[in-house]
Amino acid sequence: MTAPAKIAPATLAKLAKLGIHHRADLLLHLPLRYEDETRLSPIATVEPGETAQVQGVITHSEIIFKPRRTLVCRLQDNGDELYLRFLNFYPSQTKLLAVDKKIRAIGEVRMGYYGLEMVHPKCRAVGDETQLATSLTPIYPTTAGLSQATLKKLIANALEVVQAPDYLPEKFLNDLHLQGYIESIRLLHTPDMTAAGLADRTHPSWRRIKFDELLAQQLSMRVHHKERSLRIAPALKSKGHYTKALLKALPFKLTRAQQKVFTEISQDLTKPHPMQRLLLGDVGSGKTIVAALAALQAIENGYQVALMAPTEILAEQHYLKLSDWLTPLGIKPVWLSGSLKKKDKRIACEKIASGETMLAIGTHALFQEQVSFYKLGLAIVDEQHKFGVQQRLALHAKGKIEKSVHAEPVDGKTDKKTAEPHQLMMSATPIPRTLAMSYYADLDVSVIDELPPGRTPVITKLVSDSRRCEVFERVRAGCMTGQQAYWVCPLIDESEVLQLQSAQETYQQLCDTFPELRVGLVHGKMDSSEKVSVMAAFKTGQLQLLVATTVIEVGVDVPNASLMVIDHAERMGLAQLHQLRGRVGRGANQSLCILLYQKPLSELARTRLKVIFENTDGFEIAQQDLQLRGPGELLGARQSGVAMLRFADINADEDLLDHARIVADELLRDYPEAARGYLHRWMANKHDYLHV
Ligand code: ADP
Ligand code: MG
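Just so it is clear, the model here is predicted, and its values are computed rather than measured.

### Some points on unusual backbone geometry
Residue Pro-600 is bonded to the preceding Lys-599 through a cis peptide linkage, with omega at 0°. Mapped onto the fold, Pro-600 is located in the loop between strand E21 (592-597) and helix H19 (603-614). Residue His-568 is not a glycine yet carries a positive backbone phi of 50°. Along the chain, His-568 falls in the loop between strand E20 (561-566) and helix H18 (574-581). Relative accessible area serves as the criterion here: at 12%, His-568 is assigned to the buried category.

### Let's talk about the site of ligand 1
Taken together, 17 residues sit near ligand 1, with Gly-284, Lys-287, Thr-288, Arg-455 and Asp-557 positioned nearest. At 2.8 Å, a backbone N or O of Lys-253 approaches a nitrogen atom of ligand 1. Between ligand 1 and Lys-321, the relevant distance is 3.5 Å, taken from an oxygen atom to a side-chain nitrogen or oxygen of the residue. Here ligand 1 loses 89% of its free accessible area of 560 Å² to cover by the protein chains.

### Focus: the side chain of Arg-208
For Arg-208, the location among the structural elements is in helix H7 (residues 204-228). According to the relative accessible area criterion, Arg-208 is buried, its value standing at 0%. In this structure the side chain of Arg-208 is engaged in a polar contact, spanning 2.9 Å, whose partner is the backbone oxygen of Gln-179. Within the structure, Arg-208 has its side chain in polar contact with the side chain of Tyr-678 (distance 3.3 Å). Ignoring any residue separated from it by four or fewer positions in sequence, one finds Arg-208 in contact with Asp-166, Leu-168, Leu-173, Leu-178, Gln-179, Gly-180, Tyr-181, Ser-184 and Tyr-678.

### As for the pattern of salt bridges
Tallied over the full model, the rule gives 34 salt bridges. In this structure, Asp-212 and Arg-208 form a salt bridge, with 2.8 Å as the shortest nitrogen-oxygen distance. Taken together, the residues Asp-212 and Arg-208, both in helix H7 and four residues apart, mark about one turn of the helix. In this pair, the class of Asp-212 matches that of Arg-208, namely buried.

### Side note on the domain arrangement of the protein chain
For the protein chain, the assigned domains are domain 1 (39-132), domain 2 (241-448) and domain 3 (458-615). Here domain 2 packs against domain 3, burying approximately 1,400 Å² in sum over the two surfaces, 57% of which is carbon and sulfur. Looking at the side of domain 2 facing domain 3, the largest losses of area belong to Val-283, Ile-313 and Gln-317, adding up to 41% of the total buried there. Across the contact surface, domain 2 and domain 3 share two salt bridges. With a shortest N-O distance of 3.9 Å, Lys-531 and Glu-312 are connected by a salt bridge. Linking domain 2 with domain 3 are three residue pairs in polar contact (both at pLDDT 80 or more), by the criterion used here.

### Section: helix H10 (residues 287-300)
Its 14 residues give H10 an end-to-end C-alpha distance of 20 Å, which sits within 8% of 20 Å, the value for a rise of 1.5 Å per residue. Counting buried positions along H10 yields 13 of 14 residues, so the element is predominantly enclosed. Phi turns positive one or two residues past the end of H10, at Gly-302, with a value near 80°.

### Here we look at helix H6 (residues 181-189)
Within the sequence span of H6, burial applies to Tyr-181, Ser-184, Ile-185, Leu-187, Leu-188 and His-189. Structurally, H6 contributes buried residues whose contacts are with helix H2 (23-27), strand E1 (33-35), strand E8 (137-139), helix H4 (148-161), H7 and helix H23 (672-683).

### Description of the pairing of strand E9 (residues 276-281)
Along E9, six of the six residues are buried, which leaves the element largely enclosed by surrounding structure. With burial as the criterion, each face of E9 is covered, one bearing Gln-276, Leu-278 and Leu-280 and the other bearing Arg-277, Leu-279 and Gly-281. Relative to strand E14 (residues 422-427), E9 is paired through five bridges, and the arrangement is parallel. Of the residues in E14, the one forming a bridge with Leu-280 is Ser-427. Where E9 meets strand E15 (residues 444-448), five bridges bridge the pair, whose relative direction is parallel.

### Notes on the packing of H18 against H19
Where H18 contacts H19, the two axes come as close as 10 Å, and the packing angle between them is 35°. The hand of the H18/H19 crossing is right-handed. Across from Leu-574, Leu-577, His-578 and Arg-581 in H18, the residues of H19 making contact are Arg-608, Leu-609, Val-611 and Ile-612. Along the lines of polarity and charge, the residues of the contact of H18 with H19 split into five nonpolar, one polar and two charged.

### Focus: the sheet that holds strand E19 (residues 545-548)
For sheets, the rule is that strands pair by backbone hydrogen bonds, running either parallel or antiparallel. Read from one edge of the open sheet, six strands run E16-E21-E20-E17-E19-E18, paired in parallel fashion. Every other strand in the sheet has two partners, leaving strand E16 (459-464) and strand E18 (519-522) as the edge strands with one partner each. Here the average twist between neighbouring strands, direction ignored, is 20°. As paired elements, strand E17 (residues 484-488) and E19 share four bridges and run parallel to each other. Each residue of the ladder has a partner; that of Trp-487, found in E19, is Val-547. H18 contacts E16, E17, E20 and E21 of the sheet and is inclined by roughly 150° relative to E20.

Criteria and thresholds
Residues numbered from 1 in each chain as written. Chains lettered and ligands numbered in written order. Predicted model: local features only at pLDDT ≥ 70, side-chain atom pairs only at ≥ 80, totals over all residues. Heavy atoms only, no water. Helix = DSSP H or I, 4+ residues; strand = E, 2+ residues; numbered from the N terminus. Buried < 20%, exposed > 50% of the residue type's maximum accessible area, 1.4 Å probe, protein only. Near = heavy atom within 4 Å. Polar contact = N/O pair within 3.5 Å; in protein donor to acceptor, adjacent residues only side chain to side chain. Areas by Shrake-Rupley, 256 points an atom, 1.4 Å probe, with all protein chains shown as cover. Contact = heavy atoms within 4.5 Å. Salt bridge = Lys/Arg side-chain N within 4 Å of Asp/Glu carboxyl O. Domains from an automatic or database assignment. Buried area = accessible area lost by both parts, 1.4 Å probe. Expected span 1.5 Å × (residues − 1). Pairing = 2+ DSSP bridges. Axes fitted to C-alpha atoms, helices over the stretch in contact; angles between N-to-C directions. Left-handed = near helix turned anticlockwise from the far one by under 90°. Nonpolar A, V, L, I, M, F, W, Y, C, P; charged D, E, K, R; others polar.

Right, here's the structure in full:
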């Protein structure tokens, strides 16, 4: 019997950094890649770009000082030579790599200044008897001060001492042709020479582990979802007097899709458990009116509503639009943003705290400490992907403070539990199917899958910056015939100052070139009232051309604007381009979006421009974006809030994801012990995050 290895406290701390808190976690610390030390390549045959193991005698060894201290050695095998180069090295390495020593080196070959070389290869001394490895060498993800050798030893020990039952019932193993758990783990840590599909992770052992990971994710999402149904929220009945009045006053009829999603939301609100619903709809699909209807249902029941938007421009626009819609019903929204004057802020806060106002609209200032709601029943978050985890946490906390004061008995029973508000999140950044099925599986999702009638698709043109003058001319001609246009200035390495500067310069240039046009400028550094008056002037047609930074990216709705120029489009991401383009094509006029790009284009930029040029459907664009960037970035705010998948790739492993969804339901229903085992094995360290 092997005893569990003793682990020093310093090592424990390093393991914790890698997310390893229990001995069993070591088993799931799987190799990043494998090195092949089972064979030797003659130096004569190695080529730049390949990773190879070579063997030979050191014929030269020297420390050079230019450009910086470097150990350079020459390794010779059968008259052929290869250089070994080390920028950081220890005296022990200098000794190991002394002239006449016989050395085995493994590393990536590249073409260096003197010829073929390896930088920082793994080297060891060999004798005549030294055997080749008989299996591939796993290389583990690690952290500073924790060597591969230590990790390997600890993992080998864990493989001996840890009880690792296979929680997956036989039935599924057979049905899905999956390999055993411990068998898979063992193989991935100590693969034999013949194992194919290790590098690209298609080997049956990898498939089994990926399946388990996806299954654990599904289970935890479902548990989280279920746990929500045990919490309490006010039951907001659909009474209809406000909602019907608004619908009657609107100049348009809801689309079938808008009706469908509002029904879903409305039903959720009537339940005494907090709704957490994501409303997805492409840019321009008409989410705002759905939000307004949801707000009215809460207000009909005497509960307050908070509507939060990520930018001041958008929040202000919502404020104006909802004031328009709701004032006739006797509901006057209150506006709250960080840039409000102290006194006005205080007045707004008082109205919110006393319950005088039923609807508060603003930026994330709404969820700052000094704001306290009288009776919050529904929180609506627009463009939720733009908010960070911190802000979502604040929102969550805000609900909790209120609920203790205004908890109402549910179903007539007095319950010690306290109520929290319902949550409606809206986003125009569509979530590709695989993401929705995995990372977002704990939310309920409603999708608006059609645009209001009468929209003409936007025409997109790609134009090189060398033809800038023609674009200027096109803008002028458009404006002269009554069109309104946006000119969106580029992102500059995330620097707001430079971005501002470029916007101001472009603004000046356009003013100078076209003295006959009424040109406006809007950017993030302007104070709130200035922004509002510029946007209002554009909306009413006083301004014909609006030069803007990417502050107008989300939400801005000026239906008469039908021409958009996106300067340096090659610097922008796909989601951003799609959002920006969505600012036009909102009215009946034919709209045009010109993507001005500067050469030379990187491969990625070229692909992005091609995708945005060829597609108008937000879901298709998001799908391509997922492929280009991977889920990490696309998840944005949610990224740090949800346990990321380490092994499975939701695109490549879509079939496993589908199976995992089905098996998760069956496990929870018929094999609760197994489900618990899975959650413990995979999620024990991560469960906290899931509540954000
Ligand atoms: P988004 O989903 O991008 O937030 P908005 O809510 O801003 O879209 O709506 C875009 C435009 O479409 C607005 O001018 C809005 O008044 C209008 N709109 C919304 N629903 C309809 C509809 N059913 N019929 C016609 N126009 C509509
Ligand atoms: Mg919107």
